[in-house]
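In case you want the letters, here they are:
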Amino acid sequence: MGLILSKFGGKCVSDAQEIAKIKDIVKGDAAGEAGDRRYIVVAAPYITTDGTAQKVTDLLYLCYSHIRHHIPYQPVFRVVCEKFLMLAAGLKIDIDLQSEFNEIQKRMEHGGSEGYIASRGEYLMAKLMAAYLDMDFVDADGIILFDKYGRLLEEETDSAIAAELKKHETAVIPGFYGTLPDGSIKTFVRSGSDITGALVAKALRAELYENWGDRAAFLTADPQIVEDPSRIEHMTYAELRELSYIGNQSMPEGSIFPVRRAGIPLRVRSTADMENRGTLITTKPSDAQNADDRVLTGIAGNANFTAFSVYRGLLGSEKGILRKVLSIFEDWDINVEHVMIGVDSLSVIVGTEGMEGRESEIVDELWRKIHPEDVVVENVALMNVVGSAFYHRPGCASKAMAALASEGISLRMMDQGASEINITLGVAPEEFEPAIRAIYRAFVG
Ligand code: ASP
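Everything numeric in this text was worked out from a predicted model, so none of it was measured.

Asks: Any chance you could explain the overall build of the protein here in plain terms?
Replies: A tally of helices and strands in the protein yields 16 helices and 17 strands. For a compact globule of 445 residues, the expected C-alpha radius of gyration is about 22 Å, and the protein comes in at 25 Å, within 12% of that figure. Based on the C-alpha atoms only, the size of the protein along its principal axes is roughly 75 × 50 × 45 Å. The buried share of the protein, taken over its 445 residues, is 52%. When contacts within the protein are restricted to residue pairs at least 6 apart in sequence, long-range pairs at least 24 apart make up 74% of them. Of the roughly 20,100 Å² of accessible surface on the protein, a fraction of 49% belongs to carbon and sulfur atoms. Here the protein carries 46 positive and 65 negative side-chain charges, and the mean point of each set is 3 Å from the other.

Asks: Sorry, what's going on with the site of the ligand here?
Replies: Within the structure, the ligand sits among A43, K55, T57, E122, F176, R190, S191, G192 and S193. S191 is positioned such that a nitrogen or oxygen atom in its backbone is 2.7 Å from an oxygen atom of the ligand. With respect to the ligand, the side chain of S193 contributes an N or O atom lying 3.0 Å from an oxygen atom. When the free accessible area of the ligand is taken as 260 Å², the share hidden by the protein chains comes to 96%. Of the pockets mapped on this structure, the ligand occupies the largest pocket.

Asks: Help me understand the sheet that holds strand β13 (residues 336–341) in this model?
Replies: Backbone hydrogen bonds hold the strands of a sheet together, and the pairing may be parallel or antiparallel. Pairing is antiparallel across the open sheet formed by six strands, whose spatial order is β13-β14-β12-β15-β17-β16. In this open sheet, the two strands that pair with only one neighbour each are β13 and β16 (413–416). Pairs of neighbouring strands in the sheet enclose a mean axial angle of 25°, with direction left out of account. Taken together, the five bridges between β13 and strand β14 (residues 345–351) define a ladder with antiparallel strand orientation. When the sheet's bridge partners are listed, H338 is paired in β14 with I349. Strands β12 (298–311), β13 and β14 of the sheet are contacted by helix α12 (residues 321–331), whose axis makes an angle of about 30° with β14.

Asks: What is the right way to look at the nonpolar core in this model?
Replies: Side chains of nonpolar character tend, in soluble globular proteins, to be buried together. Counting residues in each nonpolar core, the largest one holds 88 residues, and the members touching the most others are F8, F77 and F84. Counting residues per element, this core draws most heavily on helix α6 (residues 120–133), which supplies nine residues. With near-sequence residues (within four places) excluded, F8 lies in contact with V13, I22, I25, V26, I40, V41, V42, A43, W212 and T271.

Asks: How should the side chain of T179 be read in this particular structure?
Replies: Mapped onto the elements, T179 comes out in strand β6 (residues 177–179). Overall, T179 belongs to the buried group, its relative accessible area being 8%. The residues touching T179, leaving out its near neighbours within four places in the chain, are A140, D141, G142, I144, L145, F146 and S184.

Asks: Is there a simple way to think about the packing of helix α1 (residues 16–27) against α6 in this case?
Replies: Packed helix pairs are specified by the crossing angle of their axes together with the interaxial distance, meaning the distance between the axes. Two elements in contact, α1 and α6, have axes separated by 11 Å at closest approach and are oriented at 60°. By the angle between their directions, the pair α1 and α6 is classed as oblique. By crossing handedness, the relation of α1 to α6 is classed as right-handed. Side by side, α1 and α6 meet where I19, A20, I22, K23 and K27 of the first sit next to M125, M129, Y132 and L133 of the second.

Asks: Got a minute to help me understand the packing of aromatic side chains in this structure?
Replies: Each aromatic ring pair is characterised by the separation of its centres together with the angle its planes make. Counted by the stated rule, this structure contains six aromatic pairs. Summarising the aromatic geometry, the rings of F77 and F101 are spaced 6.4 Å apart at their centres and angled 85° between planes, so their arrangement reads as edge-to-face. Linking F77 in helix α3 (residues 74–90) with F101 in helix α4 (residues 97–109), this pair joins segments that are 24 residues apart in sequence. Assigned by exposure class, F77 and F101 land together as buried.

Asks: Would you take a moment to explain the pairing of strand β17 (residues 422–427) for this structure?
Replies: Every regular strand shows the same layout, with side chains that alternate between the two sheet faces. Burial runs high along β17: six of the six residues are buried. Alignment of strand β15 (residues 374–386) against β17, held across six bridges, turns out to be antiparallel. Counted as the bridge partner of A381 is V427 from β17. Counted along the chain from β16 to the antiparallel partner β17, the turn is five residues long, and its residue E420 has a positive phi close to 65°.

Asks: What is the right way to look at the environment of E430 in this model?
Replies: Here E430 shows up in the loop between β17 and α16 (432–444). A relative accessible area of 63% places E430 in the exposed class. Taking the C-alpha atoms as reference points, E430 and L5, separated by 425 residues in sequence, lie 44 Å from one another.

Asks: I tried to follow the side chain of D147 on my own but got confused; where do I start?
Replies: Along the chain, D147 falls in the loop between α6 and α7 (154–166). Reaching out from D147, the side chain makes a polar contact with the backbone nitrogen of Y149 at a distance of 2.9 Å. Residues contacting D147, with those up to four places away along its chain left out, are L153, L180 and P181.

Asks: Can you help me understand the sheet that holds strand β1 (residues 4–8) in this one?
Replies: Read across the sheet, seven strands follow the order β5-β2-β1-β8-β10-β11-β9 without closing on themselves; strand pairing throughout is mixed. The sheet is open, and its two borders are formed by β5 (171–174) and β9 (234–236), each paired with just one other strand. Taking the axes of each pair of neighbouring strands and ignoring which way they run, one obtains an average angle of 20° across the sheet. Bridge count for strand β10 (residues 266–269) against strand β11 (residues 279–282) is three bridges, and the pairing is antiparallel. Bridge pairing in β11 places L266 opposite I281. Sitting on the sheet, α6 is in contact with β2 (39–42) and β5, with an inclination near 165° to β5.

Reading the values: the criteria
Residues numbered from 1 in each chain as written. Predicted model: local features only at pLDDT ≥ 70, side-chain atom pairs only at ≥ 80, totals over all residues. Heavy atoms only, no water. Helix = DSSP H or I, 4+ residues; strand = E, 2+ residues; numbered from the N terminus. Rg over C-alpha atoms; globule rule 2.2 N^0.38 Å. Buried < 20%, exposed > 50% of the residue type's maximum accessible area, 1.4 Å probe, protein only. Contact = heavy atoms within 4.5 Å. Areas by Shrake-Rupley, 256 points an atom, 1.4 Å probe, with all protein chains shown as cover. Lys, Arg positive; Asp, Glu negative; His and termini not counted. Charge placed at Lys NZ, Arg CZ, Asp CG, Glu CD. Near = heavy atom within 4 Å. Polar contact = N/O pair within 3.5 Å; in protein donor to acceptor, adjacent residues only side chain to side chain. 1 Å grid on protein atoms, 1.4 Å probe; cavity = no way out; pocket = protein on both sides within 12 Å on 5 of 7 lines; lining within 4 Å. Sits in = over half its atoms within 2 Å of the grid points. Pairing = 2+ DSSP bridges. Axes fitted to C-alpha atoms, helices over the stretch in contact; angles between N-to-C directions. Core = buried A, V, L, I, M, F, W, Y, C linked by side-chain atoms within 4.5 Å. Parallel < 35°, antiparallel > 145°, perpendicular 65-115°, else oblique. Left-handed = near helix turned anticlockwise from the far one by under 90°. Phe/Tyr/Trp six-rings, centres within 6.5 Å; stacked < 30°, edge-to-face > 60°.

Here's what the structure looks like:
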């Protein structure tokens, strides 16, 4: 394999032992996948006190709010500094961290922005890693670029990264932040080092974006529901989206789209489980995936949806009705997850959390604007049963439904995406977990 862009998350850089594994991955063959890993992106470490891990980034945000409220921030900042000093000692590297701390403190005391302060965990970690791995430090400041509204400038960022890295044989780049047009630092969303990794992978036209983090692999089902679910060895980007859509196996969208669009495969794995090669995510399914008799890639869902069902004779064939109903949800800024249309009815399903208790207002408006014969609101659980191998293969939906029937679970609603890679099934919330287990058993055994 050619160039691999490796991103290492907070857990992988939290102690000297884990960091030593990074050296073996970058300089040796510990990853079990040969490739050229000359450029890496790192996140800020975790600090573990009394068995509880917390992010250095959280402590830096805390420093910022202390400063804003004129409360001494130094004790918190000292904890952060000690973490880096301990890492440097554990790795036996000679690096002048004290002058970095002094500079940061100076900026903190003279109006350093929230973004600047919060990003220092990644900055210091990248400095430290560069010294340990004997690689160049290349700051994200100046190569990850935002416009004045804080939106990522994708093309400019792509060119700036490529141009800068051309000057370096090797580089450690801090994740999570970039630069606004006025020169100040802005961070991505939390866990945003994944985004930096994807942007660097894209700019370098890497052959693989390797994301080392907390997650050893994506799982076929939620381990809190299904005992010891199997790992997903390979899936497509489309399947990943379907599984994160209503489940909890998500990654920030921004960290997927740059590599997905560029057709670069993503491998998710963890330094805590080196034997396990994790999950490979590609644009197209592998032949092995298509040939797998199990057919199922994964099943995800949650029991926290609300269905608004509107009934009126021939409602489903009325012109513009869908737009009218959906505009009610749009006006309340509520994201619609699913819509199902029958001859005399229409159901809109939304995430219960996103409703923020506005259920009765919506029901009132449905009565006022749609003039229905009835409106029924109920809680529902949705599951997404996902498999690229479902495509043009008869019997997949019936297998899932038969599994529910055999457990005496009644199906409230169902929908199949046009891509034929997912079947969405709705059941009563109390039947959610038995339903997941039944479907998993039917496909995986
Ligand atoms: N350190 C940042 C955070 O805590 C970014 C990251 O970990 O990816 O959110």
